[in-house]
Amino acid sequence: EVQLVESGGGFVQPGGSLRLSCAASGFLFSNYALTWVRQAPGKGLEWVSGIYAGVGGTEYADSVKDRFTLSRDNAKNTVYLQMNSLKPEDTAVYYCAAGEKYSILTRQYNHWGQGTQVTVSS
């Protein structure tokens, strides 16, 4: 059974940091592209960042570039999203997703986690 389990969300003040983790099981992790997508209250899904399969490169949405860092540990079947300099507009439920082919289009990903809440507020 394919599973993606996110963790690390929480409440943080503006300017703070959080590290989200997504632990995967049930598929050959290293062969899959991973992505983080978020959904703010009352809004649609927003692609945040993605990483190619293997030791592939990363890409970021302009809204998080230079603040967020995505990495993967294929030995641990885990992907990490380090979020620094957080802003209130980063408040959202963050989902990780896995797919056989890299894309910034969320519909290309067929395995999704349950999400973790990130709240940035003073």
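For the structure itself, look to the data block above.
Criteria and thresholds
Residues numbered from 1 in each chain as written. Predicted model: local features only at pLDDT ≥ 70, side-chain atom pairs only at ≥ 80, totals over all residues. Heavy atoms only, no water. Core = buried A, V, L, I, M, F, W, Y, C linked by side-chain atoms within 4.5 Å. Buried < 20%, exposed > 50% of the residue type's maximum accessible area, 1.4 Å probe, protein only. Helix = DSSP H or I, 4+ residues; strand = E, 2+ residues; numbered from the N terminus. Disulfide = S-S within 2.5 Å.

1. Quick look at the nonpolar core
Okay, step 1: In this structure, Trp36, Phe68, Val79, Leu81, Met83 and Tyr94 are the most contacted members of the largest nonpolar core, which totals 33 residues.
Okay, step 2: When contributions to this core are tallied by element, the ones reaching two or more residues are strand E3 (18-25), strand E4 (33-39), strand E5 (45-51), strand E7 (68-73), strand E8 (78-83), strand E9 (92-99) and strand E11 (116-120).
Okay, step 3: Among the elements that take part in this core, E9 stands out by supplying 5 residues, more than any other.

2. Looking at the state of the cysteines
Okay, step 1: Evaluation of the coordinates by the stated rule reveals 1 disulfide.
Okay, step 2: The side chain of Cys22 participates in a disulfide bridge whose partner is Cys96; the two sulfur atoms lie 1.8 Å from each other. Disulfide Cys22-Cys96: torsion about the S-S bond near 45°, hence right-handed. Placement of the pair is Cys22 in strand E3 and Cys96 in strand E9, with a sequence separation of 74 residues. The two residues Cys22 and Cys96 agree in class, both being buried.

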